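Here is how the chains run, residue by residue.
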Amino acid sequence: MKVSVDSIGCRLNQAEMRSLGWQLEENGVELTQDFEESDIIVLNTCTVTAKAAADSRGRIRAIRKKNPSARLIITGCWATMESDVAARLVKPEDVVSNNNKASIADLILKDRKSLPAITPVTDKPAFRRTRAFVKVQDGCNSHCAYCITTIARGRSTSVPVAHVVDQVEREVKAGVKEVVLTGVQLNSYGRDLADSDLTTLIRALLAYTDIPRIRLSSIEPWNLPDTLFELWKSPRLCRHLHLPLQSGSNETLQRMRRPYTTEQYTQLLQHALQAIPGVAISTDIITGFPGETAEEFEASLAFVEQSAFAHGHVFSYSPRPHTAAQAFPGRVTERIVKERTHRMRAVIHQKQELFRRSALNTELEVLWERAVQTPEGSWLLSGWSDTYLRALAESSVNHSNQISRVLIVDSDGKTLTGRLPE
């Protein structure tokens, strides 16, 4: 039996599929990335925006076209929120809600007669990568007016510290050099556990695992542990924080039901910049939220312009079913939303370029994810810095899945070019 696992959307979805892959391989199931040769395909769907929902449906159709005879199991947020639609695309019993996602491995393994002899596989990673996404938290206790994720995934739950340590050590044994801790609301980690928070978790990983690099995925910018940024004294923590702003207008933030002001967000940014020299701070921005006036948008744009962002994602507001904002008055016209999105992305692009150029003539630590040999025998390397910048270099040695200190000598607007000491 051959099984493929695939996901659309967030890093949490990817982490869940990686965990499923581990479970299956440890029970003797062969994983493949080729849909056409798969007996079973598992798709983890997304519905955070209308486009993500459409992408989920499109991926299902594409999979069916490639392999109409394979069993297709659909899970994730879109499958949870639109289970009736999903059940018309696959067998109803093959639609698995987020609440039952942990049972997918058993669902695949239950028919033992159709499987080869079960031989545990403990030394082969489910996905051969240099980085691995590790799920440490799920769900959210907040109620942002635009967000469907809370409805799709439920209340916040944390993976116990000891279990996360075991997961990370398993990745280390598989050769992984960087783990990305993922969740829906990382800032709430540990509140459902005894004597734990995000700081406790990271300290345990630093103390009890040998993982060379730890990166955090998106962290909501409120109720962070007071001692969190002190942990970046360790060089094993990547100097990258993703702190979703969503709007630089206090009036818009209030309608979004985001529990902070721009003044509080600025204080958090300044704290991070002072505590972590050279940190890259990225963010998310929504344009065209219901009721967003021209004055509110200009205030949001100005706030982003004056803030020290290194990267960013700009999204046009997407009404989602069952969310409070879907019924809000003051819907912004599509033309104006597109114009605002274009202007905001232009500002973010300028900031990205400035941050890239600030790396020139400095040294960065880069984890090389790919190496391609040239006809002349040298190696073209591609990887990510700890500040989440794409870097390229050429070397006489294959440094794939290694971390190197690199002198940055050029930038083409998208990637950095580095020089390794020979």
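Keep in mind the model is a prediction, meaning the values are calculated, not measured. (Residues numbered from 1 in each chain as written. Predicted model: local features only at pLDDT ≥ 70, side-chain atom pairs only at ≥ 80, totals over all residues. Heavy atoms only, no water.)

(A) Quick look at the side chain of Thr287. Structurally, the position occupied by Thr287 is in strand E11 (residues 280-287). Separated by 2.6 Å, the side chains of Thr287 and Thr341 make a polar contact. Every residue in contact with Thr287, bar those within four places of it in the chain, is listed here: Glu292, Phe297, Val314, Phe315, Ser316, Tyr317, Val337, Arg340, Thr341 and Met344. (Helix = DSSP H or I, 4+ residues; strand = E, 2+ residues; numbered from the N terminus. Polar contact = N/O pair within 3.5 Å; in protein donor to acceptor, adjacent residues only side chain to side chain. Contact = heavy atoms within 4.5 Å.)

(B) Layout of the environment of Gly190. Locating Gly190 in the fold gives a position in the loop between strand E8 (178-182) and helix H8 (198-208). With a relative accessible area of 1%, Gly190 lands in the buried category. For the pair Gly190 and Glu26, spaced 164 residues apart in sequence, the C-alpha separation works out to 28 Å. Those residues in contact with Gly190, other than ones at most four positions away along the chain, are Ser158, Ser196 and Asp197. (Buried < 20%, exposed > 50% of the residue type's maximum accessible area, 1.4 Å probe, protein only.)

(C) Highlighting the pattern of salt bridges. Counted under the stated rule, the structure contains 26 salt bridges. We note a salt bridge from Lys135 to Glu16, for which the minimum N-O separation is 2.9 Å. Note that Lys135 is positioned in strand E5 (residues 131-135) and Glu16 in helix H1 (residues 11-26), a separation of 119 residues in sequence. On the basis of relative accessibility, which here comes to 8%, the residue Glu16 falls in the buried class. Of the charged contacts in the structure, one is a salt bridge between Glu296 and Arg255, with a shortest N-O distance of 2.7 Å. Separated by 41 residues along the polypeptide, Glu296 in helix H11 (residues 294-306) and Arg255 in helix H9 (residues 250-256) bring together distant segments of the chain. Residue class for Arg255 comes out partly exposed when judged on its relative accessible area of 25%. Linked by salt bridges that have partners in common, Glu16, Lys101, Lys135, Asp138 and Arg153 make up one network. (Salt bridge = Lys/Arg side-chain N within 4 Å of Asp/Glu carboxyl O.)

(D) Summary view of the environment of Thr45. Looking at where Thr45 falls in the secondary structure, it is placed in strand E3 (residues 40-45). Assessed through its relative accessible area of 0%, Thr45 is described here as buried. C-alpha of Thr45 to C-alpha of Leu381: the two residues are 336 residues apart in sequence and 32 Å apart in space. Contacts of Thr45, omitting those with residues within four sequence positions, involve Ile8, Asn13, Ser56, Ile74, Thr75, Gly76, Cys77, Trp78 and Ala79. Among the polar contacts listed, one links the side chain of Thr45 to the backbone oxygen of Thr75, at a separation of 2.7 Å. Looking at Thr45, its side chain comes within polar contact range of the main-chain nitrogen of Ala79, at 3.0 Å.

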